[in-house]
Structures are given as C-alpha cells and as structure tokens.
Amino acid sequence: MPPIAPMPGSMANFPGIPNVPGFDGIGGAPLAGLKIAPAQLAEIQQRYLNDFTQLWRSMAEGGNGEGVPLADRRFAGEAWRSNAPYRFAAAFYLLNARAMNDMANAVEADAKTRQRIRFAVSQWVEAMSPANFLATNPEAQKRLIESGGESLRTGMMHMLEDMGRGKISQTDESAFEVGRNVAVTEGAVVYENEYFQLLQYKPLTDKVHARPLLMVPPCINKYYILDLQPESSLVRYVVEQGHTVFMISWRNPDMSMAARTWDDYVGEGAIRAIEVTREISGQDQINALGFCVGGTILATALAVLAARGERPVASLTLLTTLLDYSDTGVLDVFVDEAHVALREATIGGGAGAPPALLRGLELANTFSSLRPNDLVWNYVVDSYLKGKAPVPFDLLFWNGDATNLPGPWYCWYLRHTYLQDELKVPGKLTVCDAPVDLGAIDVPTYVYGSREDHIVPWTAAYASTALLNNKLRFVLGASGHIAGVINHPKKNKRSHWINEDIAPTADEWFGGAQEQPGSWWPDWLAWLGKQGGARKAAPTGYGSKRYPVIEPAPGRYVKAKA
C-alpha cells in the first residue's frame, strides 16, 4: 500500500483519525470563502427542507416512525427500528449527513480542494453518528442493562488497552501466529541481506515450469497477505499449478535502516532478488510479479536493468500497482508541497536533521481512516460501547501487523510519485545511476486492477498499459485493494471482467469487457503458464551450493514487529 501518513494535528489524537494537510477542521479558516453556485445551493436547501419537514411531521404525529427509512446498516438492528426516539434520531442524522456531503460535493473549487473538503466532511460526519455514543445507541444501552454494567466495564478495558497500543483493535490477534496458522506454505530462506530474505517454496507437483516466479510484495505491511491460510493462499495456489515460487520478505526497518533510500530498495532489493532467483534456478530469464508498491519497485528495477542492457525477466505481472500517479484517489488529500517538505525536513534527512523512520502505526491508522465506518467506528461501537471482544480474522491480523519505513525512502517516493508524478516521464528520474524509462520494459505484461479499490483506483491501474510495451493484458476484479486480489477460486466468490483488447481509455476498455463469474486467478495462471517455459523435474531441495538454506520459511524478518 502507498505510504501516505497523516500530519500531526488535533484529529490525529484519536487512533485512526488523521488530520488533512491544510485544514484546521470543518470550521477552519481554509474553508472560509469557498462558494457553492446559488442554484445548486438552493436545490440542496429545498431538498433538505422538504425531507426535514416530512420527518418533523412524522415525529409530531406521535407514531413509531415505521414509515421512516433507515437505509444504513449502522441502524439495521431492531432496537433502532422499534424505538421511535432513536429511529428519528438516526433519520435526522442521515438527513444532515446527506446535506453536508451534498454541499461538500457542490463547492466551487479545484479538484484537489474539493476532494479534501469531501474527505474532511466525511470524517466528521461519520464520527458524529448517534451509533458512536452510548447516550444515543439503544443497542449499547440494552446490552449495558442486560449485562448489569459488565459490557461498559469491559468496553472501558478494551479502550484503555487500545490507547496503550495506539490503535483500535480490529481482530483477536492472539488467534494467529506467523508460521503457525498464517504464512505456512512450506519453504526455506535461501538468501538474505540487510533489506530482505528470499524464500523458496517447496514444489507440490512432480514437474514444474522451467522459469520460476519471483513475487515482490509491498514493503508496507508484510508479504504474507499473499500466503494467508492455505485456503486463501495465492502462493500455494501458484505452486499447486506447477510453478516454482520465490518470495521477497522485506525486513521491518529499525533505526539502523533509517537512512535507506528508494535506490537501495531497487538495487539491493528487487534487482538483487532477481539475480539470486536466476542463479538458483539456472535460468537466463524468470517471471516476476509485483503487488501494489512492490510492483512500483519492480517496474523501476526492470527499467534500470533495461537501461543497462539487461533483460532478466521474461514476463511481468502487476497487481493493483500505480505507475501513473495522475489519479491517486482519496490518498491525494494527504499530499501537497508543504506536507512533503515537512516530512523531508523531519524524517527525510533534510535541513540538517538526521534521517528517521516513518512508524508503522501512522500508516495503519491512516489507512483505517480511509474507510472510517468499516475500520474505525464499527470497532469503537462493538468493542468500547458494547464490550464485545474482536473476532479472529486473518486478513485484519495481517492489516494490523505494521511495518516501518525509512524516512528517505518514504520522502523520495512521496515527492517523485504522488506529488510530482515523474515516474511515467521517460528519463525524468535517475535510479541506481540509470535513467528510468518504463517504456523500455518490453515483456508480456499482465495488469490487474480491483473495481472498488480506494487505494489504487482501477482506472489508475489501467493507465499502466499506456506506459508499457509488448503484449499487454488487463483484467479487472470485483471488490477492493485486498479482497479483490486475494480471491481463491474454490470460494466461488465475486467476479471479474475480461477484454482481450487494450483500449485507449479505461472506460472504453470496460465498455467492451465481459463479466465472468468467480476469481481472476485461473485466467492469470493460464497466462502465466504460457510464460513459464518447458516442464522439467521439480527440484528436490532448496537453494544451491552457493545459496544454502538459512532457515525454514517464513523466516525471521517477517516476524519482527514495528
């Protein structure tokens, strides 16, 4: 995931709620003077007045409000619907929330300012839901009475524990352990340096494709999102199809790595992993996959190698990856010159200050704020108001297993991609002493995007097709950034869209696409099989004479806590 972190501010004092750069809050000075077209404002006001009058009349008539709709899952419980005061409170909240969002959408301003206003308004609107307060939540009150006050005592304990951790608990973390019931696909560590360990997985077929597949996950969060439990593991699925899989397991940086740079992660990370994978497999070329910012690192590495006249990769797979940063979705609200300059001066090693780490907790809380109802207030209500213990969920366990980032790495990435969008411009950037031209990556490439992705908008993922050469295939999956990617075929969930042609724009591509039921994985594996080369006997051991086994998978690096 892209490393956008909040600036210090009043909203950041509560775990999971960031401050938006350039805004002091909904009533802050930066909002002063913003305008809405009179006709549009009048339309919003009239709609609000009509609905408010109807609601007020229903309440004045003394009914139980059965005719008042509550089209929001926060108020789906019987306690909200059977009690008139609470039902009307929820209805008035939804009416006001809609009006505030309508006004935020109608502000006459540039796109970035409008997006910031929408984001700031949405944060406050979601925070002010009556479901979030004991005094206005009938479900929490009912539980309080039925438990004799125990739910409130337990909820207070949960809140104090989370304050100590600096984050809202989303799952029962004691239910999972890396190497015991997540990240359990059998394998071994065959190489390590300061930046990563390289895992090689045990074959599950008698014969394998000659070309191995190297997976480059994001260095934000840990690699085992690709190897959760066996029934959802992409790694295991690929191995079962007869591919030898190598995986980068990035080190969780401590202060000894605070000065490391983007060049370091490209050269000593992705490029070194490609070299070792080739040597162990004995192949001139391998296949490579990059996920999210791992795909950005991998693509940069391949452009560097192309500039050196090297072609060590036969095919490329990019999963929810940004190469063109002209549309970064909601994350754009966190990026401006002042924010980037502040980070460069504080953790990037600029202005005479020593480099420092961007702490993983900042990233985790920021990403939670992008979906406040699902990843913040839902857990506040259940855990603090109702005293419920979080339920075990492997994906949320992974989501909470935070990783740090070196300050210079983060600042370079933030400035040259999110702020200045320079990666797509041939020769604009120099990495590892080589000019970066993504167009020089002339290998068959499979590009995947998720339709509801709020971190890498699928249209932005599609924009990569305009930057790369050779045979391109784009596939769109349903759901979001993670759930769209991690979708095992056996679960028979969701769908995906296929169009054999690459169109000039994402909308044109989608207009000609056909929806297919189920996971996109089989389509990708059919494509990858064509890039894998001839079949040969599966290797009987790990590594090689030069690269002996260091330790069993998943290795030490993935177990290090931020």
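In this convention, every chain numbers its residues from 1, walking through the sequence in written order. The predicted nature of this model means local features are confined to residues of pLDDT at least 70 and side-chain atom pairs, given and counted, to a pLDDT of 80 or more, with totals for whole chains, interfaces and linings taken over all residues. Each side-chain value is derived from all of the structure's non-hydrogen atoms; neither hydrogens nor water enter the calculation.

The name given to the protein chain in an unreviewed UniProt entry is Poly(3-hydroxyalkanoate) polymerase subunit PhaC, and the organism recorded there is Cupriavidus respiraculi. Its UniProt record gives the protein chain a comment under Subcellular location (unreviewed entry), which states: "Cytoplasm". UniProt positions are given in the numbering used here, feature names are shortened, and annotations may be inferred rather than shown by experiment.

J.: Honestly, the overall build of the protein chain in this entry has me stumped. Any pointers?
T.: Only DSSP runs of H or I with at least four residues qualify as helices, and only runs of E with at least two residues qualify as strands; both kinds are numbered from the N terminus onward. Per the secondary structure count, the protein chain includes 17 helices and 19 strands. Its C-alpha radius of gyration of 25 Å places the protein chain within 12% of the 24 Å reference for a compact globule of 562 residues. Taking the principal axes of its C-alpha atoms as reference, the protein chain extends roughly 80 × 55 × 50 Å. By the burial criterion, 56% of the 562 residues in the protein chain qualify as buried. For every accessible area listed, the method is Shrake-Rupley and the probe measures 1.4 Å; residues are considered covered only by the protein chains on display. A total accessible area of about 22,700 Å² is found for the protein chain, and carbon and sulfur atoms account for 53% of it. When charges are counted, Lys and Arg contribute as positive and Asp and Glu as negative, whereas His and the chain ends are disregarded. For the purpose of locating charges, the reference atoms are NZ of Lys, CZ of Arg, CG of Asp and CD of Glu. Charge centroids of the protein chain, computed over 52 positive and 59 negative side chains, lie 4 Å from each other. Between the two quantities, the radius of gyration covers C-alpha atoms and the globule rule is 2.2 Å times the number of residues to the power 0.38. The rule is simple: take the accessible area with a 1.4 Å probe, protein chains only, and divide by the maximum for that residue type; under 20% is buried, over 50% is exposed, in between is partly exposed.

J.: Please clarify how the pairing of strand β9 (residues 313-319) should be interpreted in this entry.
T.: Consecutive side chains along a regular strand alternate between the two faces of the sheet. For β9, a buried count of seven out of seven residues is recorded, marking the element as mostly surrounded by other parts of the structure. Bridge count between strand β8 (residues 286-291) and β9: six bridges; the pairing is parallel. Looking at the pairing, Gly290 lines up with Leu318 of β9. Handedness of a crossover is defined as follows: with both strands directed away from the viewer, a clockwise route from the first strand across the helix to the second makes it right-handed. In the classification by handedness, the crossover that spans β8, the intervening helix α9 (residues 293-307) and the parallel β9 is right-handed. In this analysis, strands are considered paired if DSSP registers two or more bridges between them.

J.: What is the right way to look at the packing of aromatic side chains in this model?
T.: For any pair of aromatic rings, geometry is given as the distance between the ring centres together with the angle between the planes. Working definition: rings of Phe, Tyr and Trp (its six-membered ring) pair if their centres are within 6.5 Å, and the pair is stacked with planes under 30 degrees apart, edge-to-face with planes over 60 apart, and tilted otherwise. Applying the stated rule across the entire model yields 35 aromatic pairs. Ring plane angle 75° and centroid distance 5.6 Å describe the contact between Tyr195 and Tyr265, whose orientation is recorded as edge-to-face. Separated by 70 residues along the polypeptide, Tyr195 in the loop between β3 (187-192) and β4 (196-201) and Tyr265 in helix α8 (residues 262-281) bring together distant segments of the chain. When its relative accessible area of 1% is taken as the criterion, Tyr265 is described as buried. Clustering of aromatic rings is evident, with ring pairs tying together Tyr191, Tyr195, Phe196, Trp250, Trp262, Tyr265, Tyr325, Trp409, Trp412, Tyr413, Tyr418 and Tyr547. Here Arg451 stacks its cationic end above the ring of Trp497, 4.9 Å away from the centre of that ring. In this scheme, the term charge over a ring applies when either NZ of a lysine or CZ of an arginine sits within 6 Å of the ring centre and within 35 degrees of the ring normal.

J.: Would you explain the UniProt feature "domain: Poly-beta-hydroxybutyrate polymerase N-terminal" (unreviewed entry) in the protein chain in this entry?
T.: Summarizing the sequence annotation, UniProt attributes the feature "domain: Poly-beta-hydroxybutyrate polymerase N-terminal" (unreviewed entry) to residues 72-238 in the numbering used throughout. From the first C-alpha to the last, residues 72-238 spans 39 Å; its make-up is 44% helix and 13% strand.

J.: Honestly, a nonpolar patch on the surface in this entry has me stumped. Any pointers?
T.: Together, Trp124, Met128 and Phe133 make up an exposed nonpolar region whose accessible area comes to about 300 Å². Considering the arrangement of structural elements, one finds Trp124 in helix α4 (residues 111-127). What makes a patch is a set of residues exposed beyond 30% relative accessible area and free of salt bridges, joined within 9 Å when like-charged and within 5 Å when nonpolar (Val, Leu, Ile, Met, Phe, Trp, Tyr). One side-chain nitrogen of Lys or Arg within 4 Å of one carboxyl oxygen of Asp or Glu is enough to make a salt bridge.

J.: In this structure, what is going on with the layout of surface pockets? I would like to understand it.
T.: In this model, the largest pocket occupies a volume close to 720 Å³. As for the largest pocket, its lining consists of 32 residues, of which Arg371, Phe393, Leu395, Ile482 and Ala483 are closest to the centre. Elements represented by at least two residues in the lining of the largest pocket include exactly α11 (360-369), α12 (372-385) and α13 (394-399). With five residues, the single largest contributor to the lining of the largest pocket is α13. Think of a 1 Å grid over the protein atoms and nothing else: a 1.4 Å probe that fits but is trapped marks a cavity, an open set flanked by protein within 12 Å on at least five of seven lines marks a pocket, and residues with an atom within 4 Å of a point count as lining. Grid points are joined across faces, edges and corners, and a volume is the space filled by probe spheres set on the points. Within this model, the second largest pocket holds a volume of roughly 410 Å³. Lining the second largest pocket are 16 residues, with Pro69, Ala91, Leu94, Leu95 and Arg98 sitting closest to its centre. Residue assignment for the lining of the second largest pocket shows that the elements contributing at least two residues are α1 (38-60) and α3 (84-106). Of the residues assigned to the lining of the second largest pocket, the class counts are eight nonpolar, three polar and five charged. For this classification, the nonpolar set comprises Ala, Val, Leu, Ile, Met, Phe, Trp, Tyr, Cys and Pro, the charged set comprises Asp, Glu, Lys and Arg, and every other residue, Gly included, is treated as polar.

J.: Just to check I follow, could you spell out the environment of Ser326 for this structure?
T.: If you trace the backbone, Ser326 turns up in the loop between β9 and α10 (337-346). Taking the C-alpha atoms as reference, Ser326 lies 19 Å from Trp509; in sequence the two are 183 residues apart. Here, residues are in contact when the closest pair of their heavy atoms is within 4.5 Å. Beyond its immediate sequence surroundings of up to four residues, Ser326 is in contact with Asp421 and Lys424. Polar side-chain contacts of Ser326 include one of 2.7 Å to the side chain of Asp324. The term polar contact refers here to a pair of N or O atoms within 3.5 Å; inside protein, the definition further demands a hydrogen-donor-capable atom paired with an acceptor-capable atom, and it admits residues adjacent in sequence only when both atoms are side-chain atoms.

J.: What am I meant to see in the pairing of β4 here?
T.: Among the six residues that make up β4, six are buried, leaving the element largely enclosed by the rest of the structure. Going residue by residue along β4, you find Phe196, Leu198 and Gln200 tucked away on one face and Gln197, Leu199 and Tyr201 tucked away on the opposite face as well. As paired elements, β3 and β4 share five bridges and run antiparallel to each other. What sits directly across from Val189, in β4, is Leu199. Counting the residues between successive antiparallel strands, the hairpin from β3 to β4 contains three residues. As paired strands, β4 and strand β7 (residues 245-250) are joined by five bridges and run antiparallel to one another. Residue Gln197 lies in a different strand from β7, and its bridge partner there is Ser249.

J.: What is the right way to look at helix α17 (residues 521-531) in this model?
T.: For the α-helix, the turn length of 3.6 residues means that residues three or four positions removed from each other point alike. Taken residue by residue, α17 has Trp521, Asp523, Trp524, Leu525, Trp527, Leu528 and Gln531 as its buried positions. Positioned one or two residues after α17, Gly533 has a phi angle of 80°, which is positive.

J.: Just to check I follow, could you spell out the sheet that holds strand β19 (residues 551-552) for this structure?
T.: Ordered by their spatial adjacency, eleven strands build an open sheet running β17-β16-β15-β14-β9-β8-β6-β7-β4-β3-β19, and the pairing between neighbours is mixed. At either end of the open sheet lies a strand with only one pairing partner, and these are β17 (514-517) and β19. Of the strand pairs in this sheet, strand β6 (residues 213-216) and β7 are connected by three bridges, and their pairing is parallel. Bridge pairing in β7 places Leu213 opposite Val245. Strand contacts of α9: β6, β7, β8 and β9, with the helix running at about 140° to β8, the strand carrying the most contacts. Every axis corresponds to a line fitted to the C-alpha atoms, with the helix fit spanning only the stretch in contact, and the corresponding angles, defined between N-to-C directions, vary from 0 to 180 degrees.

J.: Is there a simple way to think about the pattern of salt bridges in this case?
T.: Working definition: two side chains of opposite charge can pair if their charged atoms are close together. Under the criterion given, the structure shown has 32 salt bridges. The closest approach of N and O atoms between Asp72 and Arg74, which form a salt bridge, is 2.8 Å. The two residues Asp72 and Arg74 agree in class, both being buried. A salt bridge links Asp162 to Arg165; the shortest N-O distance between them is 2.7 Å. Taken together, the positions of Asp162 and Arg165, both in helix α6 (residues 150-165) and three residues apart, correspond to about one turn of that helix. One salt-bridge network, held together by shared partners, links Asp72, Arg74 and Glu126.

J.: Got a minute to help me understand the side chain of His488 in this structure?
T.: Within the secondary structure layout, His488 lies in the loop between β15 (472-477) and β16 (495-498). On the basis of relative accessibility, which here comes to 6%, the residue His488 falls in the buried class. At 3.1 Å, the side chain of His488 forms a polar contact with the backbone nitrogen of Lys490. If we skip the residues at most four places from it in the chain, His488 touches Glu231, Ser232, Ser233, Tyr237, Ser519 and Trp521.

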